[in-house]
Amino acid sequence: MSETKPSLPLSGQRAIVTGASSGIGEQIAKSLAAAGAAVVVNYSRDEKNAARVVGEIESARGRAVAVRADVSKESEVLAMFDRARAELGSIDILVNNAGLQKDAAFVDLSLADWDKVIGVNLTGQFLASREAAREFLRRGRTPRARSLGKILCISSVHDIIPWAGHANYAASKGGVALLMKTMAQELAQHGIRVNAISPGAIKTPINTSAWDTPTAEKELLKLIPYGRVGEPVDIGRAAVWLASDDSDYVTGATLYVDGGMTLFPEFRFGG
Ligand code: BGC
């Protein structure tokens, strides 16, 4: 007898994607929606683009709602989860994507830019993950997924590659790496899976200057053995897999989606 399966891997599930009004977050929201999830498109300032993303998901027959919250502020994260519960009933998937760069030479790095980047990129992941775990535990099991809930942390290759001129950013992503693993270790007993995706260079607004001229792209490709700069959909596909039952035995893992950027590319030419 064949098992009755939902037609899409995330049918009936509900997701929050933080920082979903542009870049990687926008694509993850679209990919999860295309896989059957109803999606909260979180944004902090860019209401217009969040509305555009919601509109594009709806045009593709998906379900989405835009919710404003600065993930570095506890009260705003709590309000976002209240709103998600009111709109969608509960949450099955959290994607901690919101992140930013405030680059400076180390000796010039201001405390304000240190605090801002750690606040959004690391404290934001803590706050949203804590609320997600609380919500999963409150809601209990559903027939829609094998796990109680899934948390996906969007990190970076700079969780292991030091990055001159970006100490705040690299420190935030290094922090995400052990936050993710510690949450995974602690929450597995409840049936909650926690994983990370660490993207390499992906064509988004955060790094336009690194790829938008032929000269810049040629320089960047020296760091990417696979020979192309990544696209947001490379991350969207990985996110769907890590959010679905197809990866049900995977927890505490970091998936590097980077065309080989973490493979010490300079050793192709020496050593
Ligand atoms: C950064 C990008 C950078 C990439 C590879 C990402 O985490 O946000 O600006 O291009 O890492 O270095």
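Structure's up top.
Residues numbered from 1 in each chain as written. Predicted model: local features only at pLDDT ≥ 70, side-chain atom pairs only at ≥ 80, totals over all residues. Heavy atoms only, no water.

Asks: How should I be thinking about the pairing of strand β3 (residues 63-68) in this particular structure?
Replies: Consecutive residues of a regular strand have side chains that alternate between opposite faces of the sheet. Of the strand pairs in this sheet, strand β2 (residues 38-43) and β3 are connected by 6 bridges, and their pairing is parallel. Residue N42 lies in a different strand from β3, and its bridge partner there is V67. The parallel pair β2 and β3, bridged by helix α2 (residues 47-59), forms a crossover whose chirality is right-handed. (Pairing = 2+ DSSP bridges. Helix = DSSP H or I, 4+ residues; strand = E, 2+ residues; numbered from the N terminus. Right-handed = clockwise from strand over helix to strand, strands pointing away.)

Asks: What am I meant to see in the packing of aromatic side chains here?
Replies: Each aromatic ring pair is summarised here by two numbers: the centre-to-centre distance and the angle between the ring planes. According to the stated counting rule, one finds 2 aromatic pairs in the structure shown. Ring centres 5.8 Å apart and planes at 65° place the aromatic pair W163 and Y169 in the edge-to-face group. Since its relative accessible area comes to 30%, W163 is described here as partly exposed. For the pair F264 and F267, a centre-to-centre distance of 6.3 Å together with 85° between the ring planes defines the contact as edge-to-face. What makes F264 exposed here is its relative accessible area of 56%. A residue is classified by how much of its surface remains accessible, and F267, at 53% relative accessible area, is exposed. (Phe/Tyr/Trp six-rings, centres within 6.5 Å; stacked < 30°, edge-to-face > 60°. Buried < 20%, exposed > 50% of the residue type's maximum accessible area, 1.4 Å probe, protein only.)

Asks: How should I be thinking about the site of the ligand in this particular structure?
Replies: Q101, S156, H158, W163, Y169, G200, A201, I206, N207 and M261 make up every residue found near the ligand. Between the ligand and S156 there is a distance of 2.6 Å, counted from an oxygen atom to a side-chain nitrogen or oxygen. Between H158 and the ligand, the recorded distance is 2.7 Å, taken from a side-chain N or O atom to an oxygen atom. Starting from 310 Å² of accessible surface for the ligand in isolation, the protein chains cover 90%. By residue class, the composition of the shell around the ligand is 5 nonpolar, 5 polar and no charged. (Near = heavy atom within 4 Å. Polar contact = N/O pair within 3.5 Å; in protein donor to acceptor, adjacent residues only side chain to side chain. Areas by Shrake-Rupley, 256 points an atom, 1.4 Å probe, with all protein chains shown as cover. Nonpolar A, V, L, I, M, F, W, Y, C, P; charged D, E, K, R; others polar.)

Asks: Sorry, what's going on with the environment of L223 here?
Replies: As for its placement among the helices and strands, L223 is situated in the loop between α6 (214-221) and α7 (232-243). Taking C-alpha positions, L223 is 25 Å from S22, a pair spaced 201 residues apart along the chain. The residues contacting L223, other than those within four sequence positions of it, are M261, P265 and R268. (Contact = heavy atoms within 4.5 Å.)

Asks: Looking at this model, I keep getting lost on the pattern of salt bridges. Mind explaining?
Replies: Should the charged atoms of two oppositely charged side chains come close, the side chains can pair. Within this structure, the stated rule accounts for 20 salt bridges. Among the ionic pairs, K30 bridges to E26, the shortest N-O distance being 2.7 Å. With K30 and E26 both in helix α1 (residues 23-34) and 4 residues apart, this pair spans about one turn of that helix. By relative accessible area, K30 is classed as partly exposed at 22%. Looking at E26, the relative accessible area reads 12%, which means it is buried. Salt-bridge contacts for R146 lead to D248; the nearest nitrogen and oxygen are separated by 3.5 Å. Remark: D248 occurs in the loop between α7 and β7 (254-257) and R146 occurs in the loop between α4 (111-139) and β5 (149-154); sequence separation between them is 102 residues. Overlapping salt bridges, with partners in common, bring together E26, K30, R52 and E56 in one network. (Salt bridge = Lys/Arg side-chain N within 4 Å of Asp/Glu carboxyl O.)

The values are spatial; any link to function lies outside them.
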